[in-house]
Amino acid sequence: MEKKKSSGALYAVLGAVSWGFSGTASQYLFMNYELNSIWVTSMRMTLSGIVLILACFCVSSKRAELVALLRHKHDFFHEILFALAGLMFVQAAYLTAIEYSNSATATVLQNLSVAFIAIFTAVRTKTMLSRVHIFSILLALFGVFLLATHGNIRTMVLSAQGLFWGVMAAVGVCTYSLLSAGLVVRWDAAVVSAYGMLIGGVVLGLSSRAFFMPAALDITGWFVLALIVLIGTVGAFTLFIKGIGEIGAVKATLIGCLEPVSATIISALWLGSKFSLIDIAGFACILITVFLFTLHKE
């Protein structure tokens, strides 16, 4: 049992670090190539969807679910809604936030989703937020204030676009979580994500004409994009889901806080990003919020 818990924690750690790497790798593309977030999002989702579907097709049980979900009209409509309003929305918002700020800041702002979900749940169930939840929300807002202004209300250090899309990424996590809840109960999570990635990527690519835009990528750029797909998307998802299966969602969510930490470290070491003590304090306020919400499950 202990060995299983240790391996589960390791899977969750590797998944979180892989997601952190993905954000930094996307930032590298924005810094070094004439690419926008919509193009990267559509390519990332489409290629990840193809890889995941091929992986599912190699497993007989998952292959059967791929076909069965297509035939289930109600659930497949639900899948399309999840793909567009959940996966596509959160991926596009997150990468746009990175484009206008940096991977660490975008990833931390995305973690505001825990506060949004708590508020939504309280409104839906007509219950009062606990003192811990109220304190956590205020702490998260203070963290955003520090990131955006560095404590001076007369100045904006973080661009308005970076702040807006970072908050939208947090909203996207909420819609992603809510729309996926029913699907992953009835269908395999890998199958749901595979179709979601492919549908969202194709719709975004065609509607924005991103597929028809010439990509100014050299060999290095395509290699980084491949790493984003294989390590930062497919690998991260597979590892983290496996970790949840062995140690549970609560512990895995806590370990998931390593995503912004790893994004910060990788960004500083690889891209030379610099963060002030006030930035770190803002990061800490928001990440503490995640810990408090996760531990205070009721």
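The model shown is predicted, which means the values in this text are computed figures rather than measured ones.

A. Expanded view of the packing of helix 3 (residues 60–71) against helix 9 (residues 189–207). Contact pair helix 3 / helix 9: the axes reach a minimum separation of 10 Å and the direction vectors enclose 55°. By the criterion of interaxial angle, the relationship of helix 3 to helix 9 is oblique. Here helix 3 runs over helix 9; the crossing is right-handed. Side by side, helix 3 and helix 9 meet where Lys62, Glu65, Leu66, Val67, Leu69 and Leu70 of the first sit next to Ala190, Val191 and Tyr195 of the second.

B. Quick peek at the nonpolar core. Grouped together as the largest cluster of nonpolar side chains are 24 residues, with contacts concentrated most on Leu52, Leu66, Leu69, Phe82, Val191 and Tyr195. Where this core is concerned, the elements lending two or more residues are helix 2 (37–57), helix 3, helix 4 (73–100), helix 8 (160–186), helix 9 and helix 10 (219–247). Examining the composition of this core, we find that 8 residues originate from one element, helix 9, more than from any other. Each residue touching Leu69, except ones within four places of it in the same chain, is listed here: Asp75, Phe76, Glu79, Trp187, Val191 and Tyr195. Counting 23 residues, the second-largest nonpolar core is a separate cluster that includes Ala93, Tyr94, Leu217 and Leu271.

C. Region of interest: the pattern of salt bridges. The tally for this structure, following the rule as stated, stands at 2 salt bridges. In this structure, Asp188 engages Lys62 in a salt bridge whose closest nitrogen and oxygen atoms are separated by 2.9 Å. Of this pair, Asp188 sits in the loop between helix 8 and helix 9 while Lys62 sits in helix 3, and the two are 126 residues apart along the sequence. For Asp188, a relative accessible area of 23% corresponds to the partly exposed category.

D. Spatial organisation of the environment of Ser101. Relative to the helices and strands, Ser101 is located in the loop between helix 4 and helix 5 (103–110). For the pair formed by Ser101 and Leu179, sequence separation is 78 residues and the distance between their alpha carbons is 28 Å. Apart from residues no more than four positions distant in its own chain, Ser101 is found in contact with Ala106, Leu158 and Gly162.

E. Structural view of the packing of aromatic side chains. What the rule picks out here adds up to 10 aromatic pairs. Considering the side-chain rings of Trp39 and Trp222, the 6.1 Å spacing of their centres and the 65° angle between planes classify their relative orientation as edge-to-face. Note that Trp39 is positioned in helix 2 and Trp222 in helix 10, a separation of 183 residues in sequence. Trp222 sits in the partly exposed class, given a relative accessible area of 40%. Each ring, one from Phe76 and one from Tyr195, has its centre 5.9 Å from the other, and the planes form 90°; the classification is edge-to-face. Here Phe76, found in helix 4, pairs with Tyr195, found in helix 9; they are 119 residues apart in sequence, far enough to count as distant. Residue Phe76 shares its accessibility class with Tyr195, and that shared class is buried.

F. Spotlight on a nonpolar patch on the surface. Together, Val17, Leu258, Val261, Ile265 and Leu269 give the surface a local cluster of nonpolar side chains, amounting to about 430 Å² of exposed area. Examining the composition of the nonpolar patch, we find that 4 residues originate from one element, helix 12 (residues 258–270), more than from any other. Positionally, Ile265 belongs in helix 12.

G. Broad picture of the side chain of Glu79. Position of Glu79 relative to the elements: it lies in helix 4. For the buried residue Glu79, which engages in no salt bridge, the nearest side chain bearing the opposite charge is Arg186, 8.8 Å off. Within the local environment of Glu79, its side chain forms a polar contact with the backbone nitrogen of Gly196, the two atoms lying 2.9 Å apart. In this view, Glu79 contacts Leu69, Leu183, Val192, Tyr195, Gly196 and Ile199; residues no more than four positions away in its chain are not counted.

H. Summary view of the environment of Tyr11. Within the element layout of this structure, Tyr11 appears in helix 1 (residues 2–32). A relative accessible area of 25% places Tyr11 in the partly exposed class. When the C-alpha atoms of Tyr11 and Gln91 are compared, they prove to be 22 Å apart, with 80 residues separating the residues in sequence. Other than its neighbours up to four places away in sequence, Tyr11 contacts Leu239, Phe240, Lys242, Gly243 and Glu246.

I. Here's a closer look at the confidence of the model for the chain. Of the residues in the chain, 96% reach a pLDDT of 70 or more, and the chain-wide mean stands at 88. Mean pLDDT per element in the chain: helix 11 (residues 249–255) is the minimum at 71, and helix 4 is the maximum at 95.

Thresholds, definitions, all that
Residues numbered from 1 in each chain as written. Predicted model: local features only at pLDDT ≥ 70, side-chain atom pairs only at ≥ 80, totals over all residues. Heavy atoms only, no water. Axes fitted to C-alpha atoms, helices over the stretch in contact; angles between N-to-C directions. Helix = DSSP H or I, 4+ residues; strand = E, 2+ residues; numbered from the N terminus. Parallel < 35°, antiparallel > 145°, perpendicular 65-115°, else oblique. Left-handed = near helix turned anticlockwise from the far one by under 90°. Contact = heavy atoms within 4.5 Å. Core = buried A, V, L, I, M, F, W, Y, C linked by side-chain atoms within 4.5 Å. Buried < 20%, exposed > 50% of the residue type's maximum accessible area, 1.4 Å probe, protein only. Salt bridge = Lys/Arg side-chain N within 4 Å of Asp/Glu carboxyl O. Phe/Tyr/Trp six-rings, centres within 6.5 Å; stacked < 30°, edge-to-face > 60°. Patch = residues over 30% accessible without salt bridge, like charges linked within 9 Å, V, L, I, M, F, W, Y side chains within 5 Å. Areas by Shrake-Rupley, 256 points an atom, 1.4 Å probe, with all protein chains shown as cover. Lys, Arg positive; Asp, Glu negative; His and termini not counted. Polar contact = N/O pair within 3.5 Å; in protein donor to acceptor, adjacent residues only side chain to side chain. pLDDT = per-residue confidence, 0-100.

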